[in-house]
Amino acid sequence: MEKQPRLLASQLFLKNSVFEVLLNGVLLTWKEIPANKKVISGSIHHPLKVGTSHSVSVSEILAVRELHVDGGTKDDGRWQKMSQKLTEAYPYAFTVSYVERARQHRWRCSDVTFHCSEWALCQQWVQTIREQLTALTSRPKHLLVYINPYGGKQQGKCIYEQKVAPLFACASISTDVIVTEHANHARDHLKTEAELKKYDGVVCVGGDGMFSEIVHGLVSRTQRDNGVDQNSPEEKLVPCTLRIGIIPAGSTDCICYATVGINDPVTSALHVIVGDSQPMDVCSVHHNNTFLRYSVSLLGYGFYGDVLADSERKRWMGPARYDFSGFKKFLTHHHYEGAVSFLPATDTLGTPRDKTRCRAGCFICQHDGQLYSGDSQEESKTAPDVSDREYEVGWGVVRGKFLAINAASMSCACPRSPKGLSPAAHLADGTTDLILVRKCSRFNFLRHLLRHTSKDDQFDMTFVEVHRVRRFRFTPRHCQNDSELDLRENGKQLFSQICRDHPACSSAYSSWNCDGEILPHAAIEVGVHCQLIKLFARGIEEQPLFEDLANPPCAL
Ligand SMILES: CCCCCCCCCCCCC/C=C/[C@@H](O)[C@H](COP(=O)(O)O)NC(=O)CCCCCCCCCCCCCCC
Ligand SMILES: Nc1ncnc2c1ncn2[C@@H]1O[C@H](COP(=O)(O)OP(=O)(O)O)[C@@H](O)[C@H]1O
Ligand SMILES: [Ca+2]
């Protein structure tokens, strides 16, 4: 790393020792000075701590504040316990709040308080650190927050007020908070009313469904403001400028989990505060040249569609509804017939069977950002009509009976499956991983499902194939025309009754699970829009081998 000029260097008092404290444009470091150090209160040091040093990246400092020693305890209760002698020798102090890495990708806010003998020195430290923080232009100052009070275990409001709001206040971030009153409240507010110019980002407190509302509101608003027609599947969409933060308070929380590495409200709040930015792909879903929805995580037909449809009726069960419906639909074991045509992403570096993973600073995402708009793509972008042009150059077609057709635009890692539906998928490479699970025995399907929870490769099975694609289209076998599709809605109950009476039979249609929402059509066309949105996240950080490496001793 380029050597940074030293901004400040002082000997300051911390706990019971004197530390050499240094600030340059990149790091704040404090190193214990072992020799001649004076132990004031007589407390015993842990031998390992002697001579240790700490360093914190300035970009991960949340705030700095002065302590008012005269008034006693305004900011730090521990101050009271300091000996009279210390107060006399070092009557001025300031506290630096910073990000500390804990286990399993968790971030925590830590405080360190330095004591000084002179007021001017204390002021100089506080001011210089503040100047450094002000220079970090990627940090949000004003945020629009939407809370879904009914997501997950209905803890959204409480999570925000107790864990997140105090951190935003500490980092001097101001907020406008809206607790949603009905479904689509946040989406419609963003789409039409919200004064977006006032904000540096939008925060949603809830699950994947709530995040999806925010995405729909922001993307639709951006297209409308730029005169882009969402109904045209070929249209190139305009990226959203505002970043989105997710405070996880839902049932699956896969978007948070797969972009941060953990579904933890404090960790997510800290990623917002430090102003992280993670671009993400968004799929647009159309039916007959009519826009249906956007998807950022899972588009699932068959098993995941049926699980979602069933679980919606059991919302009262909370997150456990997915396990209940999952078990039920596993036993039902329905398969669906149809044709999937797709445009493989032949010009990308990665494949769905890679051992490498999309991680913070991902090389593939950084380099593939521009490919979607590349001219070489233009000619082959249009989806062929499966019946007429199935051999169109570049497009592949797979027909058959499927237990599940899943498109994962990202890994879809979540607490249920920490590696996700497609472990090697990328957050921002402009592709989605199309996973086709053909009809097989219950036992084999169970083996496939179980592999989502172990190290074994869920794609290494004869009845599973996976393609990395830029576009795809699904046509259910019995879909001759639209009126038949509409009929299915009315006839569905009768049909499912018949199927229950004749277990060998399978219903003709499943539903698409689009990020937790049921789509009204089975025949869809999907295109990936590379890096259409940005999150307050940085991707999953590589885990340090040893805990100490998370806060490496600085090389001075
Ligand atoms: C036997 C264990 C099998 C575990 C397989 C787990 C795979 C999980 C992959 C989950 C991908 C999730 C993608 C995200 C979807 C969300 O957009 C969406 C909405 O989330 P929200 O309610 O928070 O707003 N969530 C979902 O659609 C939930 C999908 C969860 C499906 C769980 C399926 C559990 C299957 C259990 C089968 C049990 C078989 C047991 C046989 C003895
Ligand atoms: N105030 C509200 N009342 C009812 N539903 C809401 C409200 N606010 C948001 N929703 C809807 O609740 C659904 C589930 O929200 P989400 O936060 O994803 O929780 P979960 O992960 O438990 O599904 C979303 O589809 C969202 O549109
Ligand atoms: Ca992707």
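In this text the structure is predicted, and so the values were computed from the model without any measurement.

Looking only at helices and strands, the protein has 15 helices and 21 strands in total. Each of the 556 residues in the protein was classed as buried or not, and the buried ones make up 54%. Excluding contacts between residues fewer than 6 apart, the proportion of contacts in the protein whose partners are at least 24 apart in sequence is 76%. Total accessible area on the protein stands at roughly 25,800 Å², and carbon and sulfur atoms take up 51% of it.

Relative to the elements of secondary structure, Leu237 occurs in the loop between α6 (208-225) and β11 (243-248). Using a relative accessible area of 8% as the deciding quantity, one classes Leu237 as buried. Along the primary structure Leu237 and His529 are separated by 292 residues, whereas in three dimensions their C-alpha atoms are 7.2 Å apart.

On to the UniProt feature "domain: DAGKc" (unreviewed entry) in the protein, then. When the UniProt feature table is mapped onto this chain, "domain: DAGKc" (unreviewed entry) is found at residues 138-289. End C-alpha atoms of residues 138-289 are separated by 38 Å, and the span's content is 38% helix alongside 22% strand.

Turning our attention to the coordination of the calcium ion (ligand 3). Taken together, Asp281 (OD), Ser409 (O), His426 (O), Asp429 (OD) and Thr431 (O) make up the protein donors of the calcium ion (ligand 3), found 2.3 to 2.6 Å from the metal. Summarised as a motif, the one-chain spacing of the donors to the calcium ion (ligand 3) is D-x127-S-x16-H-x2-D-x1-T. A residue pair is termed long-range when its members are at least 10 positions apart, and Ser409 in the loop between β16 (396-408) and β17 (432-438) and Thr431 in the loop between β16 and β17 qualify at 22 residues. By the burial criterion, Ser409 is buried, and Thr431 matches it.

Rules of the game
Residues numbered from 1 in each chain as written. Chains lettered and ligands numbered in written order. Predicted model: local features only at pLDDT ≥ 70, side-chain atom pairs only at ≥ 80, totals over all residues. Heavy atoms only, no water. Helix = DSSP H or I, 4+ residues; strand = E, 2+ residues; numbered from the N terminus. Buried < 20%, exposed > 50% of the residue type's maximum accessible area, 1.4 Å probe, protein only. Contact = heavy atoms within 4.5 Å. Areas by Shrake-Rupley, 256 points an atom, 1.4 Å probe, with all protein chains shown as cover. UniProt positions renumbered as here; feature names shortened; annotations may be inferred. Donors = N, O, S within 2.8 Å, 3.2 Å for Na, K, Ca; no water.

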